[in-house]
Amino acid sequence: MKHVTIDYLDYLNEVTVTIKKRSYELMKIVEKGRVLDVGCGPATDTIALAKLVGKFGQVVGIDNNEKMIQEAEIRKNREQKLAPVITHKKCCAYQIPYENNYFDSCRSERVLQHLSTPEKAISEMVRVTKKGGHIVVIDTDFATTSVDTTEKELERSLINCYLDYGPQNADIGRQLYRLFKQQNIEFSIEIHPYMFSNYQVLYKTFLQSFYKIAVEKKVLTEKQIAKFAKNLKESCQKDMLFASVSQLVITGHIK
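Quick notes on the rules
Residues numbered from 1 in each chain as written. Predicted model: local features only at pLDDT ≥ 70, side-chain atom pairs only at ≥ 80, totals over all residues. Heavy atoms only, no water. Helix = DSSP H or I, 4+ residues; strand = E, 2+ residues; numbered from the N terminus. Rg over C-alpha atoms; globule rule 2.2 N^0.38 Å. Buried < 20%, exposed > 50% of the residue type's maximum accessible area, 1.4 Å probe, protein only. Phe/Tyr/Trp six-rings, centres within 6.5 Å; stacked < 30°, edge-to-face > 60°. Lys NZ or Arg CZ within 6 Å of the ring centre and 35° of its normal. Pairing = 2+ DSSP bridges. Axes fitted to C-alpha atoms, helices over the stretch in contact; angles between N-to-C directions. Contact = heavy atoms within 4.5 Å. Parallel < 35°, antiparallel > 145°, perpendicular 65-115°, else oblique. Left-handed = near helix turned anticlockwise from the far one by under 90°. Right-handed = clockwise from strand over helix to strand, strands pointing away. Salt bridge = Lys/Arg side-chain N within 4 Å of Asp/Glu carboxyl O.

Draft legend 1. The arrangement of the overall build of the chain in detail. Scanning the chain from terminus to terminus reveals nine helices and seven strands. Relative to the compact-globule value of 18 Å for 255 residues, the chain shows a C-alpha radius of gyration of 19 Å, a close match. Each of the three principal axes of the chain carries a C-alpha extent, and together these read 55 × 40 × 30 Å. Within the chain, buried positions represent 53% of all 255 residues.

Given below as structure tokens:
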């Protein structure tokens, strides 16, 4: 998760606000409830979740990155009324330090793509969620990335390079159906396409990472990247740029 920084997560928080709100709805959060956010980052969602459970609820955010937890605590403490409701812990998604059937619902957003064995994290989420509770997982299938460009070979090279050398499971979105089937729980799936017509938004959301990895792995040269970027910028100036990628939202119901 080297390319995942606090600034990057803050930016994505603005871009993905609609899908975040949808995840809260699917969690069926109630006042006084206990909810878990796996891969909480810098309190990106725990503060919002605390507003939903109220002053007698409990929100736990876990992350394996010490800097994320430190920043999460700073942001939590700015929210004086909400701070007592929120706990942030540094721990691994494979070993959630809570007993069975503890949480009413839990969520994970764009975390499983970074894990070598995502099924272990899902199994842990199932373990700590009460009967009747809901698990919501949001993740991306980067193999669905599509950019309208005349530089088709460069586009495919960029995408394939990211699939090979980016996150450990860059196509995790398509795996979620199988992984939840293996848990023997009821679930439903929604597909949310993200569409881009602005080059800077597209660049900051994922092209920046695509470019960096392609150059690092010597799949493309700086000159080829510049050629590809020039093509997209020209399309943007003509108001003709279009790109998309799919995010999947899967909701498991524990019975």
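The rest of the description comes next.
Draft legend 2. Fine view of the packing of aromatic side chains. Considering all chains together, one arrives at 14 aromatic pairs under this definition. Seen from their ring centres, Tyr-98 and Phe-103 are 5.1 Å apart, and the 65° between their planes marks the pair as edge-to-face. The two residues Tyr-98 and Phe-103 agree in class, both being buried. Look at Phe-206 and Phe-210: their rings are 5.1 Å apart centre to centre, the planes differ by 45°, and that puts the pair in the tilted class. Within this pair, Phe-206 and its partner Phe-210 are both found in helix α8 (residues 199–216), separated by four residues, close to a single helical turn. Of the two residues examined, Phe-206 and Phe-210, each falls in the buried class. The rings of Phe-142, Tyr-162, Phe-196, Phe-206 and Phe-210 are connected pair by pair, giving a single aromatic cluster. Here Arg-34 stacks its cationic end above the ring of Tyr-102, 4.0 Å away from the centre of that ring.

Draft legend 3. Molecular detail of unusual backbone geometry. Positive phi is not limited to glycine here, since Lys-32 has a value of about 70°. By secondary structure assignment, the location of Lys-32 is in the loop between α2 (17–26) and β1 (34–38). Even without a glycine there, the phi angle at Ala-43 is positive, about 65°. Tracing the chain through its elements places Ala-43 in the loop between β1 and α3 (46–53).

Draft legend 4. Spatial organisation of the sheet that holds strand β3 (residues 86–90). An order of β3-β2-β1-β4-β5-β7-β6 is seen for the seven strands of this open sheet, with the pairing classed as mixed. The sheet terminates laterally at β3 and β6 (186–196), the two strands that pair on one side only. Within the sheet, the average angular offset between the axes of one strand and its neighbour, ignoring direction, is 15°. Across six bridges, the pairing between strand β4 (residues 103–109) and strand β5 (residues 129–147) is parallel. Paired with Cys-106 across the two strands is Ile-135, which belongs to β5. Running over the sheet, helix α4 (residues 66–78) touches β2 (58–63) and β3 and is turned about 165° from β3. Strands β1, β4 and β5 of the sheet are contacted by helix α5 (residues 118–128), whose axis makes an angle of about 155° with β5.

Draft legend 5. Spotlight on the packing of helix α6 (residues 152–165) against helix α9 (residues 222–237). Viewed as axis vectors pointing N to C, α6 and α9 meet at an angle of 115°, and their least axial separation amounts to 10 Å. Classified by the angle their axes make, α6 and α9 are roughly perpendicular. Judged by the twist between their axes, the crossing of α6 over α9 is left-handed. When α6 is examined against α9, the residues Leu-154, Glu-155 and Leu-158 are found in contact with a partner set consisting of Gln-224, Ile-225, Lys-227 and Phe-228.

Draft legend 6. Focus on the pairing of β2. Taken across its six residues, β2 has six buried, putting it largely inside the fold. Neither face of β2 is open: one carries Gln-58, Val-60 and Ile-62, the other Val-59, Gly-61 and Asp-63, and all of them are buried. Relative to β2, β1 runs parallel, the two sharing five bridges. Paired with Asp-37 across the bridge in β2 is Gly-61. Once you follow β1 into α3 and on to β2, the crossover reads as right-handed. Across five bridges, β2 lies against β3 in parallel orientation. Residue pairing across strands places Val-59 opposite Ile-86, the latter belonging to β3.

Draft legend 7. Up close: the pattern of salt bridges. Tallying each qualifying case throughout the model produces 17 salt bridges. In this structure, Asp-37 engages Arg-107 in a salt bridge whose closest nitrogen and oxygen atoms are separated by 3.2 Å. With a gap of 70 residues between them, Asp-37 in strand β1 and Arg-107 in strand β4 connect regions that are remote in the sequence. Look at Arg-107 and you get buried, because its relative accessible area is 1%.

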